[in-house]
Amino acid sequence: MKYIILTPVLYAFIYLLSFTKYNWDNRNKMAAIGTVIIAIAALVMPFFIL
């Protein structure tokens, strides 16, 4: 069951990291840092809930 939940979580994590790279390349460093924090929280929180 955990593997089924892990798949969309990893997809969202990869998507957020690509958005982080986009922001970093466009010199929007504050948004890039905020997106990294959100990505880490989105990756870690499902494991605390389970």
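As a reminder, the structure under discussion sits directly above these lines.
Residues numbered from 1 in each chain as written. Predicted model: local features only at pLDDT ≥ 70, side-chain atom pairs only at ≥ 80, totals over all residues. Heavy atoms only, no water.

Asker: An account of the packing of aromatic side chains is needed here, citing residue identities and associated values.
Answerer: Summed over the entire model, instances satisfying the criterion amount to 1 aromatic pair. Seen in terms of ring centroids, Phe19 and Tyr22 are 6.3 Å apart; in terms of plane orientation they differ by 20°. Their pairing is stacked. Note that Phe19 and Tyr22 are positioned in helix H1 (residues 2–25) at a spacing of 3 residues, about one turn of the helix. A cation sits over an aromatic face here: Lys29 above Trp24, 4.2 Å from the ring centre. (Phe/Tyr/Trp six-rings, centres within 6.5 Å; stacked < 30°, edge-to-face > 60°. Helix = DSSP H or I, 4+ residues; strand = E, 2+ residues; numbered from the N terminus. Lys NZ or Arg CZ within 6 Å of the ring centre and 35° of its normal.)

Asker: So what about helix H2 (residues 29–49)? Which residues, and what values?
Answerer: Under the 1.5 Å per step criterion, the end-to-end length of H2 is 30 Å for 21 residues, consistent within 8% with the ideal 30 Å. The inward-facing, buried residues of H2 contact H1. (Expected span 1.5 Å × (residues − 1). Contact = heavy atoms within 4.5 Å.)

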